[in-house]
Amino acid sequence: MITARAAATFDPVARSVATARAFVRDTLQGWGYTDVVDDAVVLTSELVTNAVIHAGTAADVLCLRTEDGVRVEIADHYPEREIPLQTTGLDLGSLDSENGRGLLLCAALASRWGVEYSPTRKHVWFQLDLPDRPVGVRSAGPLLPVGLLPVTDERVRVAVVQIDSEAAVAAWNDDAAYLFGYAADQVIGKQFADFTAWPQTPGTSTGIADALRLSRWEGSYGIRGADGRTIPVYGSHLRVRDPQGEPSTVCLLVRDYERAVLQTPARTPVSDTAESRKTDPFEIFIGSPAPDDLDGLLQRTVERARDMLDADAAFLLLATDDETELEVRATTGLPSARQRFARVPVEAGTGRYGSARMPAVHEDLDAVPGAVPLLGNTGMRSVVTVPLKVEGRLTGSLGVAAEGAGRYSNEEALRLQFAADRIALAVESARLGELERLRRGSLSFLVEASDLLAGTLDRDQTLALMAQMTVPTLATWCAVYTIADPASDPELSYVLHEDEERIDGLKSLLTRISPPEPVRTPGARVWAAPSQAAHEAALRTSMRSIGIGDPGGLGSTTRTTLATAAAVGGETVVLPLVARNRVIGMLTLGKPSDDHFRQEILELAEDLSRRAALALDNARLYSERTAISQSLQRSLLPPGLPAVPNVEVDVIYRAAGEGNEVGGDFYDVFPIRDGAYGFAIGDVCGTGPEAAAVTGLARHALRLLAREGFGGPAVLERLNAAILDEGARSRFLTLLYGELWPQEDGSALLKVVCAGHPLPLRLRQDGSVEPAADPQPLLGVMEDLELYEQTFTLEPGDVLLCVTDGVTERREGTRMLGDDGLADVLAHCTGLTAGAVAARILRAVERFAAEPPSDDMAILTMRVPEPH
């Protein structure tokens with residue numbers, strides 16, 4: 001049977017949770033159900049949180065009193081919930097999950113509970129039964145010394161006032177007349193509310209009229225006396241029925257300092273047994289069991305601390321290893337996105353957290369601004385903070401706060417310190433476990449980063465890898481600045497955001513502000529310029545959008561500007577890129593609006609920046625040396641082929657080795673004097689730079705000696721002497737050198753010397769192939785050489801093919817292309833131009849084996865075209 005009810009509705013805002021707890025606590029205490037108040041408040045807090053925070057609707061709270069307990073119903077107004085189908089079981093969710101925790105607590109604390117759905121509402125209800133009490137005993141207290149007993153006047157006066165169903169005074173005894181100065185005939189028939197000074201419960205409509213309708217109510221308020229003064233009283237109200245069956249309320253009133261006469265004693269603390277831990281709301285909330293992860297444990301701790309002291313907000317900070325700073329790790333009732341991972345000094349510096357090592361109570365933060373930096377501009381006025389310590393070492397700080405002043409005293413500080421002492425070891429253990437996991441993950445991350453950075457020597461690819469490794473693992477966005485030399489300004493080289501649509505806006509913003517100052521000091525430093533520039537741009541855009549300021553520029557850029565401001569609005573840090581004792585750039589990491597970096601992330605970013613700086617500098621050095629090498633190699637090749645009258649000339653050249661443009665093979669075609677042209681194709685022993693050096697010597701010596709008028713044998717003999725003069729650096733050289741004279745009849749006269757080189761092949765119009773020279777000794781081995789030249793004529797349609805041994809020695813297993821194979825390919829080239837012949841020879845060489853060629857190759861073709 002329901003004997004009393006109380007109802008209230010709470011708006012969908014965070015502070016409604018604390019107001020709902022106060023409503024349920026006041027109601028149940030008024031009914032005399034103090035035995036179940038704590039459990040009811042814990043359950044109400046969770047279920048109202050689900051309604052106003054997660055569902056985002058108002059919450060209706062209904063308290064129903066029965067003869068043996070209390071039933072509390074919480075309903076939300078979520079409009080689109082589907083009614084669940086009946087199932088064989090009920091999934092309450094994970095203990096560590098944010099959703100479903102209220103149902104888990106119902107299952108743990110309530111005598112009975114349930115969930116009722118309708119298309120527009122959800123009701124969660126729980127029943128708490130009163131514990132059995134021994135017959136004849138309501139409560140008892142211990143024996144106390146006389147000096148500790150409450151002090152009263154000579155005679156304790158108990159005013160007895162009876163209020164009828166219309167809230168008017170129906171009876172007024174002599175003690176009431178004595179205490180308040182009114183005779184009975186002055187007050188009977190008048191509204192009792194006219195004589196009361198009633199403290200309203202913030203956020204609810206509970207007043208004197210509501211309290212008089214409750215079955216039982218107990219608490220403090222004031223009575224306005226006949227002399228105009230307000231007399232503080234402590235009252236105990238009991239709802240009864242008069243002889244006519246009408247409801248009536250009997251009020252027993254004493255002076256407030258004599259409240260012990262009427263006040264219901266608090267439950268006597270019991271020993272620290274398993275049963276006491278079961279009924280301790282803090283232990284119930286943290287246990288059963290505690291979350292495995294640190295963030296879950298910390299969040300549950302602050303929520304429980306908030307509930308314990310009926311606070312509007314709570315927060316928990318963890319100390320750094322050196323105990324010089326505290327880092328915000330969990331909050332409730334505060335703008336957590338702005339505060340999470342923010343740091344404040346413990347004992348020194350601006351914004352210090354001066355009360356971290358000892359319990360502290362601040363009755364009004366407006367009187368001591370900055371005492372708790374975390375609560376600045378949050379509307380909180382009273383706060384109590386206590387340290388978390390393990391073996392005497394500061395590991396953190398736990399605090400609760402309220403919007404009203406003077407809410408907390410030393411008694412609340414002791415309660416909170418007791419809770420903090422019981423949770424400190426679990427928090428420290430979870431923190432150490434998290435640090436160990438982070439260190440393992442960091443080591444794995446750095447190993448992978450080192451492998452990736454070592455796998456490339458391309459500067460642009462290194463920049464891209466740097467950014468891709470930091471986003472989104474370490475930061476939301478990243479920008480890399482590079483410095484070409486100490487005299488150069490930093491240049492924005494790469495920008496990356498986890499949302500690709502934000503990259504262009506971010507890049508545009510960063511190009512409009514000055515780059516960060518290059519500083520060699522290791523570690524991350526905060527850079528405020530991007531956030532300030534983004535906020536200013538967003539403000540200008542917003543003002544223009546509402547018609548304030550310059551209207552120009554509105555359009556598609558408005559949304560981009562506002563999105564960029566949100567993306568860059570958080571903390572931005574800069575880490576120097578230092579390599580070989582020089583700052584070569586800066587790595588910039590950023591977070592979105594109001595976010596902060598964890599110290600562990602900054603330390604990991606610092607390690608990454610050192611590796612990335614060395615990789616970037618290596619890429620720079622490699623690029624510079626590659627450019628120098630390519631420039632020198634290109635100087636060893638002919639600038640181009642001259643136009644020879646009535647003779648087609650074409651060359652294909654392939655150097656072995658990655659990045660090489662010139663190797664041991666070389667060629668040249670150049671004018672000697674009017675009507676005469678020299679040509680050469682050679683092969684220096686070996687490949688790479690050493691062979692290329694001899695290549696340069698040979699090519700330039702040939703041109704010089706030929707233009708001095710020396711004939712073929714004399715040119716090669718002098719080149720042989722020059723090679724031998726190189727001493728230990730000398731290498732032997734095979735060379736085919738010739739001189740070409742185009743003739744008026746359309747033919748071409750050639751004189752050639754073949755010094756140890758593969759013989760040139762002559763292709764006639766009929767498809768026959770024959771060597772065009774005899775073999776002679778190679779160069780660079782013997783001092784005295786006796787060489788001779790051979791003369792022949794290329795008729796119209798004839799082709800002369802000159803190759804290096806990279807062509808003839810092309811292998812596939814035990815097979816080799818050889819001179820005969822090359823002759824067979826050439827025999828099928830009749831009628832082709834010089835360029836087509838060279839291309840067919842190259843294609844045949846490449847197709848001869850599956851593996852790419854491992855030796856340098858040069859193919860020189862000359863063809864006398866047929867007359868038209």
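Bear in mind that the values here come from a model prediction, so they are computed numbers and not experimental data.

What follows is about the overall build of the protein. Scanning the protein for helices and strands turns up 21 helices and 34 strands. Buried positions account for 48% of the 868 residues belonging to the protein. Total accessible area on the protein is roughly 42,100 Å²; 51% of this is exposed by carbon and sulfur atoms.

Most of strand 18 (residues 477-482) is tucked away, with 6 of its 6 residues classed as buried. Side chains of strand 18 alternate between two faces, with W477, A479 and Y481 and C478, V480 and T482 buried alike. By the bridge criterion, 6 bridges tie strand 18 to strand 19 (residues 491-497) in an arrangement that is antiparallel. Bridge pairing links W477 to H497 in strand 19.

Time to look at the packing of aromatic side chains. Taken as a whole and assessed by the stated rule, the structure comprises 8 aromatic pairs. Here the aromatic rings of W31 and Y33 are separated by 6.4 Å at their centres, their planes lie at 75°, and the arrangement is edge-to-face. Joined through ring pairs, the aromatic side chains of W172, F180, Y182 and F195 make up one cluster. Its guanidinium or amino end placed over the ring of W125, R71 lies 4.1 Å from that ring's centre, counting from NZ or CZ. Between R157 and the ring centre of Y178, over which it is positioned, the NZ or CZ distance is 3.5 Å.

Time to look at the environment of V427. Its location among the elements puts V427 in helix 11 (residues 410-454). Take V427: its relative accessible area is 1%, and that puts it in the buried class. Separated by 39 residues in sequence, V427 and L388 have C-alpha atoms that sit 8.8 Å apart. Setting aside anything within four residues of it in sequence, one finds V427 in contact with L294, L297, L298, L318 and L388.

The next thing to look at is the side chain of T456. Tracing the backbone shows T456 in the loop between helix 11 and helix 12 (459-470). Here D458 takes part through its backbone nitrogen, which lies 3.1 Å from a polar atom of the side chain of T456. Residues within four places of T456 in sequence aside, it is in contact with Q461, T462 and L465.

The antiparallel open sheet is built from 5 strands, whose spatial order is 1-2-3-5-4. For this open sheet the edge positions go to strand 1 (2-10) and strand 4 (112-117), each flanked by a neighbour on one side alone. The average undirected angle you get between the axes of adjacent strands in this sheet is 15°. Packing of helix 1 (residues 16-30) onto the sheet brings it into contact with strand 1, strand 2 (59-66) and strand 3 (69-76), and relative to strand 1 it is tilted by some 165°.

This paragraph deals with the sheet that holds strand 31 (residues 799-803). Spatial strand order, 23-34-31-28-29: 5 strands in an open sheet with antiparallel pairing. Each edge of the sheet is formed by a strand with only one pairing partner; in this case those strands are strand 23 (648-654) and strand 29 (769-771). Mean inter-strand twist for the sheet, computed between neighbouring axes without regard to direction, equals 20°. When strand 23 meets strand 34 (residues 857-863), the two strands line up antiparallel, connected through 7 bridges. Considered in strand 34, the bridge of D650 is made with T861. Running over the sheet, helix 20 (residues 818-827) touches strand 28 (761-763), strand 29 and strand 31 and is turned about 20° from strand 28. Sheet contacts for helix 21 (residues 834-848): strand 23, strand 31 and strand 34; angle to strand 34, the most-contacted strand, approximately 150°.

As enumerated under the stated definition, the model contains 31 salt bridges in all. The salt bridge involving R229 is made with D227; its shortest N-O contact spans 2.9 Å. The two residues R229 and D227 agree in class, both being exposed. The salt bridge partner of D668 is R699, with a shortest N-O separation of 3.5 Å. Note that D668 is positioned in strand 24 (residues 665-673) and R699 in helix 17 (residues 688-707), a separation of 31 residues in sequence.

This paragraph deals with the packing of helix 9 (residues 294-308) against helix 11. Put simply, helix 9 and helix 11 touch, their axes get as near as 9 Å, and they point 170° apart. Regarding the angle of helix 9 to helix 11, the classification is roughly antiparallel. Across from L294, D295, L297, L298, T301, A305 and M308 in helix 9, the residues of helix 11 making contact are R415, L416, A419, I423, A426, V427, A430, R431 and E434. Classifying every residue of the contact of helix 9 with helix 11 gives 11 nonpolar, 1 polar and 4 charged.

Below, the discussion takes up the packing of helix 20 against helix 21. Angle between the axes and distance between the axes are the two parameters that describe a pair of packed helices. Where helix 20 contacts helix 21, the axes come no closer than 10 Å and their chain directions differ by 135°. Considering their axes alone, helix 20 and helix 21 lie oblique with respect to each other. For the element pair helix 20 and helix 21, the recorded crossing hand is right-handed. Only V837, R840, I841 and A844 of helix 21 make contact with helix 20, whose side of the interface consists of L822, V825 and L826. When the residues that make up the contact of helix 20 with helix 21 are grouped by side-chain class, the tally is 6 nonpolar, no polar and 1 charged.

This next bit is on helix 13 (residues 503-511). Inspection of helix 13 places I503, G505, L506, L509 and L510 among the buried residues, and these make up the whole buried set. All buried residues of helix 13 lie within an arc of 165° about the axis, which places them on one face of the element. The exposed set on the far side of helix 13, more than 90 degrees from its buried face, consists of D504 and T511.

Here we come to the nonpolar core. In this structure, L28, F126, F180, F192 and L253 are the most contacted members of the largest nonpolar core, which totals 58 residues. A total of 9 residues in this core trace back to one element, the largest contributor, which is helix 2 (residues 37-55). Core analysis: the second largest hydrophobic core is formed by 48 residues, L446, A475, V495 and L602 among them.

Turning to unusual backbone geometry, a few remarks are in order. In this structure, the amide linkage connecting V471 to the following residue, P472, adopts the cis form with an omega of 0°. Considering the arrangement of structural elements, one finds P472 in the loop between helix 12 and strand 18. The backbone phi angle of R580 is positive, close to 55°, even though this residue is not glycine. Along the chain, R580 turns up in the loop between strand 21 (572-579) and strand 22 (582-590). A positive phi angle, near 60°, is found at N646, a position not held by glycine.

Among the secondary structure elements, P760 is positioned in the loop between strand 27 (748-755) and strand 28. Under the relative-accessibility criterion, P760 is labelled buried at 1%. Sequence separation between P760 and T861 is 101 residues, and the spatial gap between their C-alpha atoms is 9.7 Å. Sequence-distant contacts of P760, that is, excluding residues within four places in its chain, are made with L736, C754, E770, P771, A772, A773, L800, L801 and C802.

Right, let's talk about a negative patch on the surface for a bit. A surface patch of like charges, here negative, comprises E717, D725, E783, D784 and E786. Relative to the helices and strands, E783 is located in the loop between strand 29 and strand 30 (790-794).

On the surface, a cluster of nonpolar side chains totalling about 270 Å² of accessible area is made up of F732, V781 and M782. Within the fold, V781 resides in the loop between strand 29 and strand 30.

Scoring rules and cut-offs
Residues numbered from 1 in each chain as written. Predicted model: local features only at pLDDT ≥ 70, side-chain atom pairs only at ≥ 80, totals over all residues. Heavy atoms only, no water. Helix = DSSP H or I, 4+ residues; strand = E, 2+ residues; numbered from the N terminus. Buried < 20%, exposed > 50% of the residue type's maximum accessible area, 1.4 Å probe, protein only. Areas by Shrake-Rupley, 256 points an atom, 1.4 Å probe, with all protein chains shown as cover. Pairing = 2+ DSSP bridges. Phe/Tyr/Trp six-rings, centres within 6.5 Å; stacked < 30°, edge-to-face > 60°. Lys NZ or Arg CZ within 6 Å of the ring centre and 35° of its normal. Contact = heavy atoms within 4.5 Å. Polar contact = N/O pair within 3.5 Å; in protein donor to acceptor, adjacent residues only side chain to side chain. Axes fitted to C-alpha atoms, helices over the stretch in contact; angles between N-to-C directions. Salt bridge = Lys/Arg side-chain N within 4 Å of Asp/Glu carboxyl O. Parallel < 35°, antiparallel > 145°, perpendicular 65-115°, else oblique. Nonpolar A, V, L, I, M, F, W, Y, C, P; charged D, E, K, R; others polar. Left-handed = near helix turned anticlockwise from the far one by under 90°. Arc of directions from axis to C-beta. Core = buried A, V, L, I, M, F, W, Y, C linked by side-chain atoms within 4.5 Å. Patch = residues over 30% accessible without salt bridge, like charges linked within 9 Å, V, L, I, M, F, W, Y side chains within 5 Å. Lys, Arg positive; Asp, Glu negative; His and termini not counted. Charge placed at Lys NZ, Arg CZ, Asp CG, Glu CD.

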